[in-house]
Amino acid sequence: MSTIRFDLIEIIQVIRKHIRFVLIITGVTALLGAGFYLIKNKKYTAKTEFIVSNPSYTDRNNLYSANEMTFIDYFGGDDDIDRVIVLAESDTVISRIVENAHLAERYQFDMNRPTAMERLKQKFTKGFKIKRTEYKDIELSYTDKDPNIAADVANESARIIEEAFRGYYNNVRRHAYDAIKDKVHQEDSTISILTDSLAALRDKYGIYDIISPARENVIMGNVKSSSSTGFGKGMEQVQNIEALKDQFVTDRAKHSSYLNEFAAGSKAEQLQLTQVISKAKPPVDPSGPGPFLTIIACALLGFFFSCFLVLVSVYYKAIISLQR
């Protein structure tokens, strides 16, 4: 029994014999593609781009680097960009975006239902995308049926992500600020107690000279002796308490300076860590392929399908006739 073979020339000839059928199927699929494009729900994608700054520039060691200047790149590195993306995809940030953008009202979700918030987050996640580009900036996009909602959500997302990224570093500095502030309060209490004790000793023994081993720049003179009993012991006690108090006063002044430095890095809202370089605007054209590409794609799909159907039909008929 001879075998049936199709070479390229035979395939072309078979298609030419059935060209009318092929063209009809191609035309029908093209019309279906045009109809599908007209009736499908259009979705619009709004995009915003921003760059990440180096968080080290907002650190107090760089804000008050009077002794040593260290070069730091103004732009954030790969690790900083990864942290921004992780924050953007976190549940905390998504919840803030959903709440601030009023998506429950816009999508008409009944928030009294137990699963409403979870379904709303899932809907948001489907349209939300964030990625880094080859230029080390971040592209954020949101897709929605309403172009205005897409633009609003994209811009609000960029703002909240910046606040979350900056807030992490500010919280660390605030914790350090609070710890130092508590220490300053303790030092104030100790200084007050030492001052009262020192004043009582001076009045008791009549010692009003400056005698403090901690004050190295003070020229020590002769201390006027007193006839009171225990004058030597009193002078030693005054020196001990005076040295301790002076050290506490010095530490408190240094810690107060630290408080100002940490406050500058944590409370200054103008030290933003991202810079928007392309703000999202309501898109005019819907996302996805346009009408021309949709019709062409459907027409090509119909053409190849009809050709395949014709070849399979002819090949099957040839096998049946050969077996007979």
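Now for a quick tour of the structure. (Residues numbered from 1 in each chain as written. Predicted model: local features only at pLDDT ≥ 70, side-chain atom pairs only at ≥ 80, totals over all residues. Heavy atoms only, no water.)

## Here we look at the overall build of the chain
- Secondary structure summary: the chain contains ten helices and four strands in total.
- Burial status across the chain gives 34% buried among its 324 residues.
- The contacts in the chain between residues at least 6 apart in sequence include a share of 78% that link residues at least 24 apart.
- Per element, the accessible surface of the chain, about 21200 Å² overall, is 57% carbon and sulfur. (Helix = DSSP H or I, 4+ residues; strand = E, 2+ residues; numbered from the N terminus. Buried < 20%, exposed > 50% of the residue type's maximum accessible area, 1.4 Å probe, protein only. Contact = heavy atoms within 4.5 Å. Areas by Shrake-Rupley, 256 points an atom, 1.4 Å probe, with all protein chains shown as cover.)

## Some remarks on the packing of helix H5 (residues 91–100) against helix H8 (residues 147–205)
- The interhelical angle for the contact between H5 and H8, taken along N-to-C directions, is 135°, at an axis separation of 10 Å. By the angle between their axes, H5 is oblique relative to H8. Our pair here, H5 against H8, has a crossing hand that is right-handed. Seen from H5, the contacting residues are Val93, Arg96, Ile97 and Asn100; seen from H8, they are Val153, Glu156, Ser157, Arg159, Ile160, Ile161, Glu163 and Ala164.
- Classifying every residue of the contact of H5 with H8 gives six nonpolar, two polar and four charged. (Axes fitted to C-alpha atoms, helices over the stretch in contact; angles between N-to-C directions. Parallel < 35°, antiparallel > 145°, perpendicular 65-115°, else oblique. Left-handed = near helix turned anticlockwise from the far one by under 90°. Nonpolar A, V, L, I, M, F, W, Y, C, P; charged D, E, K, R; others polar.)

## Considerations on H5
- Along H5, the residues that are buried comprise Val93, Ile94, Ser95, Ile97 and Val98.
- Of the surrounding elements, those touching the buried residues of H5 are helix H4 (78–88), helix H6 (103–106), helix H7 (116–127) and H8.
- Count one or two residues on from H5 and you reach His102, which has phi positive near 55°.

## Comments concerning the pattern of salt bridges
- A full pass over the atoms with the stated rule returns twelve salt bridges.
- Residue Arg159 is joined to Glu156 by a salt bridge in which the shortest nitrogen-to-oxygen separation is 2.5 Å. Taken together, the residues Arg159 and Glu156, both in helix H8 and three residues apart, mark about one turn of the helix.
- The class for Arg159 is partly exposed, based on a relative accessible area of 37%.
- A salt bridge links Glu162 to Arg166, with the shortest nitrogen-to-oxygen separation between them at 2.8 Å. (Salt bridge = Lys/Arg side-chain N within 4 Å of Asp/Glu carboxyl O.)

## Brief notes about the sheet that holds strand E2 (residues 128–132)
- The strand order E2-E3-E1-E4 describes an open sheet built from four strands, whose pairing is antiparallel. Unpaired on one side and paired on the other, E2 and strand E4 (274–278) mark the two borders of the sheet. Pairs of neighbouring strands in the sheet enclose a mean axial angle of 25°, with direction left out of account.
- One ladder, built from seven bridges, connects strand E1 (residues 44–52) with strand E3 (residues 138–144); its direction is antiparallel. Its bridge partner being in E3, Thr45 is matched across the sheet by Thr143. (Pairing = 2+ DSSP bridges.)

## Digging into unusual backbone geometry
- If you check the backbone angles, His102 has positive phi at about 55° while not being a glycine.
- Along the polypeptide, His102 turns up in the loop between H5 and H6.
- A positive phi angle, near 65°, is found at Lys136, a position not held by glycine.
- Structurally, Lys136 is set in the loop between E2 and E3.

## A few points about H8
- Helix length check: H8 (59 residues) gives 85 Å between terminal C-alpha atoms against 87 Å at 1.5 Å per residue, within 8%.
- Of all the bends in H8, the largest measures some 25° and sits at Gly167.
- At the N-terminal boundary of H8, the capping side chain belongs to Asp146, with an oxygen 3.0 Å from the backbone nitrogen of Asn148. (Expected span 1.5 Å × (residues − 1). Bend = angle between axes of the 7 residues up to and from the residue. Polar contact = N/O pair within 3.5 Å; in protein donor to acceptor, adjacent residues only side chain to side chain.)

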